Amino acid sequence: MALARLGHRTLCLDCDVGLRNLDIALVMTDRAVMDFTDVMEGRCSLEEAAAAHPQQKNLFLLTAPIRFEAADIDKKAYQKLIRKIKKQFDYCLVDAPAGLGAGFQLAISGADRVVVVTTTDASSLRDAQRTVMELEGFSREQVHLVVNRCRKKLLRSLHQTIDDAIDTAGLPLLGVIPEDETMPLYAGRGIPLLLTTNDCAALAYRNIARRVDGQKVALMKIR
């Protein structure tokens, strides 16, 4: 949404085959009718399947199928779809499923860059490290780190810093998102965070979008 608000045609591609939920996060459960296999198999065009967000111009969703397993998806056909997407959209954000199985491998197979999201929790950082090990085809410049749900007081009590997270994951930092108590409230009401007056986590998302877009933006301070 932040990229769309910068004027870029942005597609969110749900790659969580069989367990999709990106339509819930985008408050588009009644709009995502066709999935990406409908485009791959010629039942509809990309333009027909990519549902436009009802409140945000330039933002679209292409959802995942629920009747397949990730291993059933033809990877070559998927990569052909990605090439078509690149011609019609400025950005495509691929939501990879949890784990490092067939769904994850499918998601990264057509990607130009990868954003690994972690918290400062030790188990989350270990997962991030393990994820990086699966990204052999990507250079260091193509893989970025986002540290989520940061609380300064907690970091102090645990004697941790953001630098520790960066060093542990071994990735360049793309952004830091502070813990924001209002997020569950907005999510429960089905209100996209960037369409509110929120200036905490929403600001972090906007800053990350600007960095993805090539702009130089200072890291926000965690309060």
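Preceding block: the structure.
Here we summarise the structure given alongside this text.

Reading the values: rules and limits
- Residues numbered from 1 in each chain as written.
- Predicted model: local features only at pLDDT ≥ 70, side-chain atom pairs only at ≥ 80, totals over all residues.
- Heavy atoms only, no water.
- Helix = DSSP H or I, 4+ residues; strand = E, 2+ residues; numbered from the N terminus.
- Expected span 1.5 Å × (residues − 1).
- Buried < 20%, exposed > 50% of the residue type's maximum accessible area, 1.4 Å probe, protein only.
- Contact = heavy atoms within 4.5 Å.
- Salt bridge = Lys/Arg side-chain N within 4 Å of Asp/Glu carboxyl O.
- Core = buried A, V, L, I, M, F, W, Y, C linked by side-chain atoms within 4.5 Å.
- Lys, Arg positive; Asp, Glu negative; His and termini not counted.
- Polar contact = N/O pair within 3.5 Å; in protein donor to acceptor, adjacent residues only side chain to side chain.
- Pairing = 2+ DSSP bridges.
- Patch = residues over 30% accessible without salt bridge, like charges linked within 9 Å, V, L, I, M, F, W, Y side chains within 5 Å.
- Areas by Shrake-Rupley, 256 points an atom, 1.4 Å probe, with all protein chains shown as cover.
- Charge placed at Lys NZ, Arg CZ, Asp CG, Glu CD.
- Phe/Tyr/Trp six-rings, centres within 6.5 Å; stacked < 30°, edge-to-face > 60°.

## Structural notes on helix 11 (residues 201-212)
Given a rise of 1.5 Å per residue, 12 residues ought to cover 16 Å, and the 17 Å separating the end C-alpha atoms of helix 11 matches this to within 8%. Within the sequence span of helix 11, burial applies to A201, A202, A204, N207, I208, A209, R211 and V212. Taken together, the buried residues of helix 11 touch helix 1 (2-5), strand 4 (91-95), strand 6 (143-150), strand 7 (173-178) and helix 10 (183-189). G214, located one to two residues past helix 11, shows a positive phi value of around 95°.

## Thoughts on the pattern of salt bridges
Here the structure, examined in full by the defined rule, presents 7 salt bridges. Residue K86 pairs with D112 through a salt bridge whose shortest N-O separation is 3.1 Å. A residue pair is termed long-range when its members are at least 10 positions apart, and K86 in helix 5 (residues 75-88) and D112 in the loop between helix 6 (102-108) and strand 5 (114-118) qualify at 26 residues. One continuous salt-bridge network, built from bridges that share partners, spans D35, D38, E41, R43 and R67.

## Concerning the nonpolar core
Among the nonpolar cores identified, the biggest contains 25 residues, and L26 and L61 are the most heavily contacted of them. Elements with a minimum of two residues in this core: helix 1, strand 3 (59-62), strand 7 and helix 11. The residues contacting L61, other than those within four sequence positions of it, are L11, C12, L22, D23, L26, M28, A32, A49, A50 and A51. By size, the runner-up hydrophobic cluster in this structure holds 22 residues, among which are A50, F60, A70 and L81.

## Quick word on the side chain of D14
Take D14: it is sitting in strand 1 (residues 10-14). Although buried, D14 forms no salt bridge, and the nearest oppositely charged side chain, R20, lies 6.2 Å from it. Within the structure, the side chain of D14 is placed 3.3 Å from the backbone nitrogen of N21, a separation counted as a polar contact. Residues in contact with D14, not counting those within four places in the same chain, are R20, N21, L22, F36, L62, T63, A64 and D95.

## Some remarks on the pairing of strand 7
Buried residues dominate strand 7, accounting for 5 of its 6 residues. As judged from the 4 bridges shared by strand 6 and strand 7, these two strands associate in the parallel manner. Following the sheet pairing, V146 is matched in strand 7 by G175.

## Topic: a positive patch on the surface
Where like charges cluster on the molecular surface, the positive patch consists of K80, R83, K84 and K87. With respect to the secondary-structure elements, R83 resides in helix 5.

## A short note on the packing of aromatic side chains
For any pair of aromatic rings, geometry is given as the distance between the ring centres together with the angle between the planes. Inspection of every chain in the model, using the stated rule, returns 2 aromatic pairs. Judged by centre distance (5.5 Å) and plane angle (70°), the ring pair of F60 and F89 falls under edge-to-face. In this pair, F60 sits in strand 3 while F89 sits in the loop between helix 5 and strand 4, placing the two residues 29 residues apart along the sequence. Pair check on accessibility: F60 and F89 agree, each one buried.

## A look at the environment of A71
Mapping A71 onto the fold places it in the loop between strand 3 and helix 5. On the basis of relative accessible area, A71 is assigned to the exposed category, the value being 63%. The sequence separation of A71 and G101 amounts to 30 residues, and the corresponding C-alpha distance is 8.9 Å.

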